Amino acid sequence: MSVLDSKIPDGPLKDKWTNHKNKIDLVNPANKRNIDIIVVGTGLAGGSAAASLAEMGYNVKSFCYQDSPRRAHSIAAQGGINAAKNYQNDGDSVYRLFYDTVKGGDYRSREANVHRLAEVSGNIIDQCVAQGVPFGRDYGGLLDNRSFGGVLVSRTFYAKGQTGQQLLLGAYSALNRQIAKGKVTMYNRHEMVELVKVNGKARGIIARNLETGELERHSAHAVVIASGGYGNVFFLSTNAMGSNATAAWKIHKKGAHFANPCYTQIHPTCIPRSGEHQSKLTLMSESLRNDGRIWVPKNMEDVLAIREGKLKPTDLSEDQRDYYLERRYPAFGNLVPRDVASRAAKERCDAGFGVNETGEAVYLDFASAIQRYGKQEAAIARMENPSDEEILKLGEAVIESKYGNLFQMYEKIVAQDPYKTPMMIYPAVHYTMGGVWVDYNLMTSVEGCYCIGEANFSDHGANRLGASALMQGLADGYFVLPYTIGDYLSNDIRTGKISTDSAEFVEAEKEVSDRIEKLMDIKGTKSVDHFHKLLGKAMWEYVGMARNEEGLKKAMAEIKQIRTDFWNDVRIPGDKYSLNPELEKAGRVADFLELGELFAKDALYRNESCGGHFREESVELDGMQKGEAKRNDTDYAYVAAWEYKGEPADAVMHKEELEFKDIELKQRSYK
Amino acid sequence: MDLTLKVWRQKNREDKGGLETYKVTGISEHASFLEMLDVMNEQLIMEGTEPVAFDHDCREGICGTCSLYINGEAHGPDRKVTTCQLHMRMFKDGETIYIEPWRSAAMPVIKDLIVDRSSFERIQQSGGFVSVNTSGNTQDANALPIPKMNADLAFDAAACIGCGACVATCKNSSAMLFVAAKVSQFAYLPQGQVEAKQRVLNMVEQMDKEGFGNCTNTGACEVECPKSISIEYIAKMNREYLSASCSSES
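Residues numbered from 1 in each chain as written. Chains lettered and ligands numbered in written order. Predicted model: local features only at pLDDT ≥ 70, side-chain atom pairs only at ≥ 80, totals over all residues.

Engineer: What's the story with the overall build of chain B in this structure? I'm lost.
Structural biologist: Scanning chain B for helices and strands turns up eight helices and seven strands. Projecting the C-alpha coordinates of chain B onto the three principal axes gives extents of approximately 65 × 35 × 35 Å. Evaluated residue by residue, chain B yields a buried proportion of 52% over its 250 residues. In chain B, the proportion of contacts linking residues at least 24 apart, taken out of those at least 6 apart, comes to 69%. (Helix = DSSP H or I, 4+ residues; strand = E, 2+ residues; numbered from the N terminus. Buried ≥ 20, exposed ≤ 12 C-beta atoms within 10 Å, placed from the backbone. Contact = placed C-beta atoms within 7 Å.)

Okay, structure coming up:
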C-alpha cells in the first residue's frame, strides 16, 4: 500500500470535478471570518489565490520577498495563455486541450488534474477580461488567438509579448482591492524561512523581515505555498535572480514529498552566455521558430574562422550550412518540440560546431523569411521587377511587425542587428515541471499545507507545452484551491485563533535563528555566488539536457562535496539584523545544494527518456527513430515522490502509479 | 574596461549617507550594468567590505525592480531600457560613473541604492482595480467587444512596470505618469466605467497624500520611461479628474 493517496474522485473523467465540488464541505460566511490562511508567493498562483480567498471571507496573510507583489516572476512570461474557448471555430474543446496537455507532457501527468485544468481554462479568460486585462483583439473588437508549439488549433490568448505581465497585474489589482479592505495583510520584503507544524498540521510559518532582519511568527489554519519553480538550482536560467526553492524545500523537510525533481524544461531559444560575468539568461519567444531557420556551418574551418572573426555567417553559401533540424526532422523541421530542439543544438555544439567564443551557440536565421515575405509583399503591391533592396525592405517590415519587440531586446543585449545577421541562440533552463507532491485537492503530504502553481508537480508531466504555465497558475489560484481548501477548513471552525507562543513556534524560530547564526559564523573565504556557480556547473554538465548513470552518480558526489565546502568556507559579510542580500542568497543556495542532489538522484532512478528528461541509456536503437528518446511505460509510468530522511541521498521514493483510462499512450515522432 | 565608480552608501533609513569610490577592472563591454555591479560586490566581499545593496530581480526589463540613477539619469544613458538592460558598451574605458538611488521624499532610501516604493502600492490600493469577484459566472469574454483602438490604448498604458523612473527624473518628484497610466488603462475600457469617477478621485488624492509633486509638463518622465508611456495619458487623467470633480455622483 502506497503512502500516497491522490484522492482522485470516482466517476467518469469529465464529471469528476463537478461532482467533487458538489460534495465538498463548505464553511459558512460567519465562520470564514475566524479562519486565517497564509499564502507564500504572489505570482499568478499565489496572487490569485490570496485575492480569491479574501473575497470569500477568509483572513489572508500574503508574503513575497520582492518590494511589491507585482514583481513576482510570472510577470516575465511572454507568449500567452491557453483556453479551450474555440473562438476560432477550429474544433477545439475541453477534451482536446486535456489530450494535448497530457500528450505534450509525455504521459507523465495526472489525468484527473489535467482534465480539471482544461475545464476551468475558459473561466480564466472570462475572469481576466472582467478585471480589465487588455488582451490582444481584432478589428471587430473580439479576442484574438495565436497558435503555439505541439498543437493543431489556435487557443492561445495573448497581450503582445507581455501576457504574463498583464495577467499578473490583473491578479495584483484583485489583491490590492482586498488589501484596501483589510482582508489581506500584505508582507512585502518578507521571506518564509520555516514551516510550523502543530499536532502534525501546518499551522504557521516563520518569516524573516528582509529589511530589518527580524524573525516573525505568523500563525494560520492553513498554509499555501505558491513560490514558483527551482530552475535557479542551475545558477544560470531564465528565472529571476531571486527566484528560489526555499519555501518548497522547507515544507519538504517538514514532511511534504517532493515529486519528479528531474523534470526540467530547457528552452531552445535563449540568448547565449557572453562570458564568466553572466548572471542570468534571457528567453526569446518560441514564436520565432515559425520564421527562423536554425543552422551551424557544415565545415569546421568555417566555424573556426567565424569564431576568430575572419568570416561572417552571411558569407557562407547555402551548401556550406547545416540546417540540422530540417535535416534530422524533415516533417516538423524547425518546429519540433522544445526538448528535441534543445538536444539537437547541444549535439552540434558538443561536436564542436558552436559559433561564438564559448562554443555554445547556433544561428537562428531570418534571411529566408525576409526574402519570402518581401516577395509576397511586392506581389501584393503589384510591383514589377522589384529590386533586391526593395524586397529586403518590404520583408524586414513584415518581420518587424511580427517580432519587433523581441528583435529590439536582442539588439540591446547582443549589440548585433538581427535583421542583417542571424541571431545566436542556445538552450537554457526555463521551467521546472517537478515540484511538491499534491493530491487532487492540491494538499501536500503535510496536513493543512497546500502547494499551487509551478511549485507543485501535477499538471505538466515530463514536459510543459507553451502557454500552459499561466493557465495552471491561475486555474489553481482562482478556481481550484479556493474550493478544495474549504473541505479541510470546515473541520477547523471550532479551533479558534492559533497562538504563536506555543512550544512549536518557539522551537521553529530557534531553529531558524540557529541556522542563520551558523551561516554568519562560518566567516570563510568564498562568496555565496562562488558555490552557487559550482553547483550550477555540476548540474548543467551532468544533469542538463542529456544524462547518464555515470554522470548522475558523479553529480551526486560532487554536489555533496560542494555542500560540505559551502558550510565550511562561505563568507557572508554584514549583519543579520539588517537588509543583507548576501545572507538571503546564502539561505537559498543552502537549500539548492540539497535539492540539486535529490534532483540528480531522481534522474538516476528514472532509467527512461521522457519529455525534458533524456537518459542516454534509453534511446531507440534502430529504425526511423534511431537515436531518439525512448520512453518506458511498462516500468516508469509513475510519479516519483521523495520523502525527506536527512541527507538527500537517503531520501525514500514513494510511487504514485499513473493510470490513463481515457488516453492511449503513444510514442512521439517528429521525423 | 576599467572604471571608477562613485556609489551612494547609506546604512539604513536614518543614516545620512554619502558617496564612496570603488575601482573595477577588466569589465567586458558585453556585461550588463548590474553584472558590472556583481563584479564590484564580489570584489568588496573578498576585501571584507559589505557589498552595495541594490534592487534587482528579473534582469530582463519587465519586473520593474531595478532602480538606479546613473550619471544623473534614471536607468542610465540608454533609452527605452531599465537598468538591468543597460550594457557596459554604453560607457568608455576609464570613465567615472556616478550611481545613486531614486531621490524623492515619497520614496525614502532604505539602504544604499534601495528605496521604499510602498507609496506606489498605496496608490494602487486606493482604486487601481475593477471590483469584480472571482467566480465561474462572469460573462463570456467575447460578450464584451472592445474597439481595437481603445484596447490598444489601454494596453499601452498597462505596459507600465511601476519602476518609479518617472518620479526619479521629475524635478517635482511627480508620480503623474505612473498614476495616469493606471487610471487611463481602466478609463479606456468598458469594464472600468462603473467606478471611473471614484477611481480617479481616490488615486489622485492618495498620490497627493504620499507627498508626490505636481506635473509641470516638462516631459522628462516620458523620455526616461523604459516602456515609453506617453504623457498623453496625463492629459487623459486630467480630463477624467476634471469631469469627475465637477459632475454629480450618478
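Engineer: Hey, could you run me through the overall build of chain A in this one?
Structural biologist: Per the secondary structure count, chain A includes 18 helices and 19 strands. For 671 residues, the compact-globule estimate of 2.2 N^0.38 gives 26 Å, and the C-alpha radius of gyration of chain A, at 25 Å, lies within 12% of that figure. Along the first, second and third principal axes, the C-alpha atoms of chain A reach 80 × 60 × 50 Å. By the burial criterion, 58% of the 671 residues in chain A qualify as buried. Contacts in chain A between residues far apart in sequence, at least 24 positions, make up 73% of those at least 6 positions apart. (Rg over C-alpha atoms; globule rule 2.2 N^0.38 Å.)

Engineer: I'm lost on the interface of chain A and chain B in this one. Help?
Structural biologist: Accessible area lost upon the coming together of the parts serves often as the stated size of an interface. Contacts between the two partners involve 64 residues from chain A, matched on the other side by 63 residues from chain B. Of all the secondary-structure elements, those providing two or more residues to the side of chain A that touches chain B are helix H3 (44–56), helix H5 (111–131), helix H6 (163–181), helix H13 (469–489) and helix H17 (581–605) of chain A. If you tally residues by element for the side of chain A that touches chain B, the top one is H6(A), at nine residues. Each residue belonging to the side of chain A that touches chain B can be placed in one class, and the counts come to 25 nonpolar, 24 polar and 15 charged. (Nonpolar A, V, L, I, M, F, W, Y, C, P; charged D, E, K, R; others polar.)

Engineer: Explanation requested: the pairing of strand S14 (residues 362–365) of chain A in the structure shown.
Structural biologist: In regular strands, side chains alternate between the two faces of the sheet. Residues and elements named next belong to chain A. Side chains Val-362 and Leu-364 project from S14 onto one buried face, and the interleaved Tyr-363 and Asp-365 project onto a second face that is buried too. In the sheet, strand S12 (residues 293–297) pairs with S14 via three bridges, with the strands oriented antiparallel. From the neighbouring strand, Trp-295 faces S14, where its bridge partner is Tyr-363. Relative to strand S15 (residues 423–432), S14 is paired through three bridges, and the arrangement is antiparallel. If you follow Val-362 over to S15, its bridge partner there is Ile-425. (Pairing = 2+ DSSP bridges.)

Engineer: Can you walk me through the nonpolar core in this structure?
Structural biologist: A general tendency of soluble globular proteins is for nonpolar side chains to be buried together. Grouped together as the largest cluster of nonpolar side chains are 277 residues, with contacts concentrated most on A:Val224, A:Ile225, A:Val362, A:Val436, A:Tyr450, B:Leu177 and B:Val179. In contact with B:Val179, not counting residues within four places along its chain, are B:Ile123, B:Met203, B:Val204, B:Met207 and B:Met237. (Core = buried A, V, L, I, M, F, W, Y, C linked by C-beta atoms within 7 Å.)

Engineer: Teacher, can you tell me more about helix H1 (residues 16–23) of chain A here?
Structural biologist: In an α-helix there are 3.6 residues to a turn, and that puts residues three or four apart on one side. All names here are of chain A. Within the span of H1, buried status applies to Lys-16, Trp-17 and His-20. Here the buried residues of H1 occupy an arc of 90° about the axis, which is enough to place them on one side. As for H1, its buried residues are in contact with H5. (Arc of directions from axis to C-beta.)

Engineer: I tried to follow the pairing of strand S1 (residues 3–9) of chain B on my own but got confused; where do I start?
Structural biologist: Residue and element names in this part refer to chain B. Alignment of S1 against strand S2 (residues 18–24), held across seven bridges, turns out to be antiparallel. Bridge assignment links Leu-3 to a residue of S2, and that residue is Val-24. As judged from the four bridges shared by S1 and strand S5 (residues 96–100), these two strands associate in the parallel manner. Paired with Leu-5 across the two strands is Ile-97, which belongs to S5.

Engineer: Looking at this structure, how should I read the domain arrangement of chain A?
Structural biologist: All names here are of chain A. Annotation of chain A at the domain level lists domain 1 (13–265 + 430–492), domain 2 (269–427) and domain 3 (503–644). Computed over C-alpha atoms, the centres of domain 2 and domain 3 are 33 Å apart. Facing the five residues of domain 2 at the interface are five residues of domain 3. Broken down by element, the side of domain 2 that touches domain 3 gets its largest block of residues, four residues, from helix H10 (residues 338–350). Residues belonging to the side of domain 2 that touches domain 3 are distributed by class as follows: one nonpolar, one polar and three charged. (Domains from an automatic or database assignment.)

Engineer: Please clarify how the domain arrangement of chain B should be interpreted in this entry.
Structural biologist: All names here are of chain B. Here the domain parsing of chain B yields domain 1 (3–111) and domain 2 (118–132 + 142–245). Listed by partner, the interface residues are 18 residues for domain 1 and 16 residues for domain 2. For the side of domain 1 that touches domain 2, the class distribution of residues is nine nonpolar, six polar and three charged.

Engineer: Just checking my understanding: could you explain the sheet that holds S15(A) for this structure?
Structural biologist: Strand pairing in a sheet relies on backbone hydrogen bonds. The paired strands run either parallel or antiparallel. All names here are of chain A. Taken together, the five strands give an open sheet; going across it, the order is S11-S15-S14-S12-S13, and neighbouring strands pair in antiparallel fashion. The open sheet has two free edges, formed respectively by strand S11 (264–270) and strand S13 (321–322), since each of these has just one partner strand. Here two bridges tie S12 to S13, and the two strands are oriented antiparallel to one another. Each residue of the ladder has a partner; that of Pro-297, found in S13, is Arg-321.

Engineer: Looking at this structure, I do not really get unusual backbone geometry. What am I missing?
Structural biologist: A negative phi holds for most residues other than glycine; trans holds for most peptide bonds. Residues and elements named next belong to chain A. If you check the backbone angles, Asn-86 has positive phi at about 55° while not being a glycine. According to the C-beta neighbour criterion, Asn-86 is partly exposed, with 18 such atoms within 10 Å. Phi is positive for Arg-382, close to 55°, though the residue is something other than glycine.

Engineer: Before we go on, may I ask you to explain the sheet that holds strand S19 (residues 652–657) of chain A in this structure?
Structural biologist: Residue and element names in this part refer to chain A. Here we have four strands laid out as an open sheet, ordered S16-S10-S18-S19, and antiparallel in their pairing. The open sheet terminates on both sides in strands that have one partner only, identified here as strand S16 (435–436) and S19. Two elements, strand S10 (residues 258–259) and S16, share two bridges in a ladder whose sense is antiparallel. Across the sheet, residue Phe-258 finds its bridge partner in S16, namely Val-436.

Engineer: Would you take a moment to explain the packing of helix H6 (residues 196–209) of chain B against helix H8 (residues 232–245) of chain B for this structure?
Structural biologist: How two helices sit against one another is set out by the angle between their axes and by the gap between those axes. All names here are of chain B. Where H6 meets H8, the axes come as close as 9 Å, and the angle between the chain directions of the two elements is 110°. The angle between the axes of H6 and H8 places the two elements in the roughly perpendicular class. Contacts between H6 and H8 pair Ala-196, Lys-197, Val-200, Leu-201 and Val-204 from the former with Met-237, Glu-240, Tyr-241 and Ala-244 from the latter. Each residue belonging to the contact of H6 with H8 can be placed in one class, and the counts come to seven nonpolar, no polar and two charged. (Axes fitted to C-alpha atoms, helices over the stretch in contact; angles between N-to-C directions. Parallel < 35°, antiparallel > 145°, perpendicular 65-115°, else oblique.)

Engineer: Please explain the environment of B:Gln85 as it appears in this structure.
Structural biologist: Among the structural elements, B:Gln85 can be located in the loop between strand S4 (73–74) and S5. C-beta crowding within 10 Å serves as the criterion here: with 23 such atoms nearby, B:Gln85 is assigned to the buried category. When the C-alpha atoms of B:Gln85 and B:Glu95 are compared, they prove to be 19 Å apart, with 10 residues separating the residues in sequence. Ignoring any residue separated from it by four or fewer positions in sequence, one finds B:Gln85 in contact with A:Lys412 and B:Gly61.

Engineer: Help me out: how do you make sense of helix H5 (residues 176–187) of chain B in this one?
Structural biologist: Taking 1.5 Å of rise per residue, 12 residues should cover 16 Å, and H5(B) covers 15 Å from first to last C-alpha, within 8% of that figure. Packed against the buried residues of H5(B) are helix H2 (118–125), helix H3 (148–158), helix H4 (165–169), H6, helix H7 (220–224) and H8 of chain B. (Expected span 1.5 Å × (residues − 1).)

Engineer: What's the story with the confidence of the model for chain B in this structure? I'm lost.
Structural biologist: Do not read the fine detail of predicted coordinates wherever pLDDT is low. When pLDDT is averaged along chain B, the result is 96; 100% of the residues meet or exceed 70. The ipTM for the predicted assembly is 0.98, set against a pTM of 0.96. (pLDDT = per-residue confidence, 0-100.)

Engineer: Is there a simple way to explain the packing of helix H16 (residues 549–569) of chain A against H17(A) in this structure?
Structural biologist: Residue and element names in this part refer to chain A. As a packed pair, H16 and H17 sit with axes 9 Å apart at the nearest point and diverge in direction by 165°. Judged by the angle between their axes, H16 and H17 are roughly antiparallel. For the pair H16 and H17, the crossing hand works out as left-handed. Taking contact as the criterion, the partners of Glu-549, Leu-552, Lys-553, Ala-555, Met-556, Ile-559, Lys-560, Ile-562, Arg-563 and Phe-566 in H16 are, on H17, Ala-590, Leu-593, Glu-594, Gly-596, Glu-597, Ala-600, Lys-601, Ala-603 and Leu-604. (Left-handed = near helix turned anticlockwise from the far one by under 90°.)

Engineer: It is not clear to me how the environment of A:Glu643 should be interpreted in this structure. Could you clarify?
Structural biologist: All names here are of chain A. One can find Glu-643 in strand S18 (residues 638–643). When the 18 C-beta atoms within 10 Å are taken as the criterion, Glu-643 is described as partly exposed. Put simply, Glu-643 and Phe-258 are 385 residues apart on the chain and 6.8 Å apart in space, counted from C-alpha to C-alpha. Not counting the four nearest positions on each side in its chain, Glu-643 is found in contact with His-257, Ala-651, Val-652 and His-654.

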